[in-house]
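Residue-level structural notes
Next come the chains, spelled out residue by residue.
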Amino acid sequence: MPNFIDRRLNPKDKSLGNRRRFLKRAREELKRTIKEHVKTDRIADVDAGHKVPMPVGGSNEPTFRPARDSGDREYVLPGNREYTPGDRIEKQGGGGGGAGSGAGTGKDEDDFQFLLSREEVLDLFFEDLELPDMIKLSLKEAVAFKPRRAGFATSGSPTNINVGRTMRNSYGRRIALHRPGRKAVEALAEEIAQLEAEMSLDTSKRQRLQALREELDGLERRRRRIPYVDPVDIRFNRFERQPLPNANAVMFCLMDVSSSMGEREKDLAKRFFVLLHLFLKRRYDRIDMVFIRHTDEAGEVDEDTFFYSTQSGGTVVSTALEEMLNIIRERYPAKEWNIYAAQASDGDNIPRDSERCAAILNGALMRLCQYYAYVEIIDERETEIFGSTDNGTSLWRAYRTVDDKWPNFQMTRIARPSDIYPVFRKLFARQPTMQFRS
Amino acid sequence: MAKSATSQLLFHSSDWNFKTLSRAYDAIETIALDELGLNVYPNQLEIISAEQMLDAYSSVGMPLMYQHWSFGKRFVFEEHHYRKGHHGLAYELVINSNPCITYLMEGNTMAMQTLVTAHASFGHNHFFKNNYLFRQWTDANAILSYMEFSKKYIAKCEERHGTSAVEAILDSAHALMEQGVFRSRRPPRLSTKKEQERARERLEYEEQTYSDLWRTLPRSAERPNPEEAEREALERKKVLNLPEENLLYFLEKNSLILEPWQRELLRIVRVIAQYFYPQRQTKVMNEGCATFVHYTIINRLFDQGKISEGAILEMLHSHSSVVFQPTFDDPRYSGINPYALGFAMMQEIERICNNPTSEDRDWFPHIAGSGQWRETLLDAWANHRDESFILQYLSPALIRKFRLFLLTDQRNEKYCEVAAIHNERGYRAVRAALAKNYDIGANQPDVQVVDVDLLGDRQLRLRHNIKNGILLEEKERDATLQHVRHLWGYDVSLIGIDAETGKVRYECATA
């Protein structure tokens, strides 16, 4: 007689510790590669491609292993059909391939690549990043409600009566209070009728009839006193109004496309916009994008035009801000939309327009926007000069005043692709709770 | 009539319960012990779920295993493939221990449970208990408590020294696992009680004698007498017992930087590697033995009227898919199936003993027609490993049946050449080559410690004896050397010397 043991009820996840150790290792690896991806030039790929093969570096298990392509070997294979001794088979062909797999030892496991979904990639990518003003105003004054069943209530509108629950209460009450049933009353009435039908009644029967009549009378009174359905029985379905969070966001991309913005500047700006879009996509169900380009006049364009066509002319930044304001008024009421804006520029502007820009921002736009990021793209040589000073273009100086006033306004300078990610992180780093717009 | 026939059946439906399991077990046991003459450890059958099977897979099949990320990696890998449906799970898993533990999957049908019980609890179990490699190199009585000890010990180390410190040592030790076995020398038998005692004593001694003062002494004081030092070094080299093939053993005993607990970790990894070494040398025989046993037993059960036709058909269906051997040009081909080869060879032995042809009489005069197939098989199971078994028992008839052929692959040629096929002139060559392919010791890279210059830079010198010109994967080699360096503490160099010509093929070192 063997010893049977049922292990199925043993605690599960015996290898949970191992898995956790492995994922920790993989996570560190992945974070490193993703950082590199962003720094070099493949952020667009991250967005497009859905899976990223796991880098094998740190999760590799090296051993002394025979090199596949060296040395003399002998293979014994089954299923010879036409070969005779002396036949030659080309190495790349079927025979050689089969032979190769016959000789490999433990080859499979290290070829294994760990696939991450796009979601996981982005989660890693945006780790520690938090939208600055996540608790959106409109979350509190939620615009849409959805009724949700939430138990029962003793009051409500007649259409919401829950019949089952009500009848159950009524039945219980009737039993508890001994309400006479219909059958008992009918039986009594019938007996009375029978007695009454008899022609001659002796005393005992007459007395009995009398007693029965009194009893019937008592029962009927009791039935009247204890109603079939009493108001205390009635239950209503209760509904709660569940607020629907505002899950819409609109992202405004503003860019200077005048001739001073070269290929390099546009490319940098695009990267920044891509990052912002990726980031928002993770937070909101629906994101609209509005592209506004401007020279000395501004216009809304589609994405391709925005990035790839050129336009000549001067530079009047305020036109773009006005255009944005118009579009918000027309299509994106701030009550229903989370509004994000990112502006990229090389900082050129016609004289005295910068003050106008600051005035528009201070006056109207910053009240409407959830977040406004200004990125100034500068020459690499200028990094040293402008490093972190307040000096700079007229637009930069004007925006400094806005920056001081509004916590949801951020500005920074970018010179190289590798700057973008750190800058992006800085702009969107978890910040102490910010002031809400009033 | 019909009623009495059905009442003999061990089970009727495909659902199993512990009563039918135990009834089937008893019937199997009778056949296995009385008719086949098997000699087994007491059995312990454990029912597990699919997830637990995955757990067992990833911790190299041991019920108790210390924690390491590589097992987690294996788990993710297995689970990924399982969920995608690339492969199913094994029906059973058996552990070479006393009592012999067999895991049965809860999802198996009763017919499958019967098959698996015969296969694992008797086939594998008999092989574990009787094969000389297992008898010499593993200790079935001690392994479970040793694993428990090692698991607890490593968990304690993690608590004491931090997970990453332990992981770093284990990573390095795992890299040398293949070089952590004694191939020719028999290792000392492990006894867990003594083992634990020793580890504890070692730690306690270190702790008691530890004095922070020693650390402050200047390290390499000028030696007063160079000749004496020289002599001392020679002495030490002799003590080191070089050359040494077991790198983990060498590092455990002689590393200059490891702390006692780190040495103990190396020892644990080494002991486990050694425990699994016989299994790797007897894959064909072990599976062949188990398959032959289950096949014989289920047929006997059917003959005795103890299992229904439906049940035996189900068993035969899974039996035939287990012993299926695709040909080399088949997309499903992935090497020779050890189940197929082992089972066919053992059936062949039975045939040769009972109904030999004249060819068999020429090739196997000592067993042909003897009729003693049971004794022959029991003897083969006890005294062979794959290499010697194939070399001795692979018959020409089987070579023809499998249509085996030998392909030579010279490093400088663009072609592989067919050297021998299944004909009179080719049998011996095919047989010898196949046997050689199963010689694990000969096929693994032979890396040995040859010298340590303890007086000088303390560089550890390793030598790779290159056989058949097969070099090492360079990237992996360098990474592995880094691991050796990590354990040794000083630089490590590796020199590759061609075993035939004695020429140096490559040299490399950690810098």
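Residues numbered from 1 in each chain as written. Chains lettered and ligands numbered in written order. Predicted model: local features only at pLDDT ≥ 70, side-chain atom pairs only at ≥ 80, totals over all residues.

Quick word on the confidence of the model for chain A
All names here are of chain A. Overall, the prediction assigns chain A a mean pLDDT of 74, with 72% of residues at 70 or greater. For chain A, helix α6 (residues 137-140) is the element with the lowest average pLDDT, namely 37, and helix α7 (residues 163-176) is the one with the highest, namely 93. Per-residue pLDDT stays below 50 along residues 93-111; that stretch engages in 28 contacts with residues further than four places along the chain or on separate chains. For residues 128-142, every residue scores under 50 in pLDDT, and the model assigns this stretch 33 contacts once sequence neighbours within four places are set aside. (pLDDT = per-residue confidence, 0-100. Helix = DSSP H or I, 4+ residues; strand = E, 2+ residues; numbered from the N terminus. Contact = placed C-beta atoms within 7 Å.)

Comments concerning the sheet that holds strand β13 (residues 409-414) of chain A
Strand pairing in a sheet takes place through backbone hydrogen bonds and is either antiparallel or parallel in direction. All names here are of chain A. Read across the sheet, six strands follow the order β10-β9-β8-β11-β12-β13 without closing on themselves; strand pairing throughout is mixed. This sheet does not close on itself; its edge strands, each paired only once, are β10 (298-301) and β13. Going across the sheet, the axis of each strand differs from the next one's by a mean of 20°, ignoring polarity. The sheet contact formed by strand β11 (residues 338-345) and strand β12 (residues 371-377) spans six bridges and is parallel. Bridging from a neighbouring strand, Ala344 pairs with Val375 of β12. (Pairing = 2+ DSSP bridges. Axes fitted to C-alpha atoms, helices over the stretch in contact; angles between N-to-C directions.)

Focus on helix α15 (residues 309-322) of chain B
Given 3.6 residues per helical turn, the α-helix brings residues three or four places apart onto the same face. All names here are of chain B. Over its 14 residues, α15 extends 20 Å from the first C-alpha to the last, a length consistent with the 20 Å expected when each residue adds 1.5 Å. Among the residues of α15, those classed as buried are Ala311, Ile312 and Met315. The arc enclosing the buried residues of α15, seen along the axis, measures out at 90°, which places them on a common side. Turned more than 90 degrees from where α15 packs its buried face, Glu309, Gly310, Leu313, His317, Ser320 and Ser321 sit exposed. (Expected span 1.5 Å × (residues − 1). Buried ≥ 20, exposed ≤ 12 C-beta atoms within 10 Å, placed from the backbone. Arc of directions from axis to C-beta.)

Digging into the interface of chain B and chain A
At the junction of the two partners, chain B supplies 76 residues and chain A supplies 57 residues. The element best represented in the side of chain B that touches chain A is helix α4 (residues 69-84) of chain B, accounting for eight residues.

Digging into helix α8 (residues 182-197) of chain A
With 16 residues, α8(A) should cover 22 Å at 1.5 Å per step; its first-to-last C-alpha distance of 22 Å lies within 8% of that length. Taking burial as the measure, the 16 residues of α8(A) include zero buried ones, a minor fraction of the element.

Comments concerning the environment of Asn3(A)
Relative to the elements of secondary structure, Asn3(A) occurs in strand β1 (residues 3-6). Asn3(A) has contacts with Asn43(B), Gln44(B) and Pro99(B), leaving out every residue within four places of it along the chain.

Digging into the pairing of strand β7 (residues 460-466) of chain B
Residues and elements named next belong to chain B. Only one face of β7 is buried, namely the one carrying Leu460, Leu462, His464 and Ile466, since none of Arg461, Arg463 and Asn465 on the opposite face is buried. As judged from the seven bridges shared by β7 and strand β8 (residues 492-498), these two strands associate in the parallel manner. Note that in β8 the partner of Arg463 across the bridge is Ile495. Once you follow β7 into helix α23 (residues 474-488) and on to β8, the crossover reads as right-handed. (Right-handed = clockwise from strand over helix to strand, strands pointing away.)

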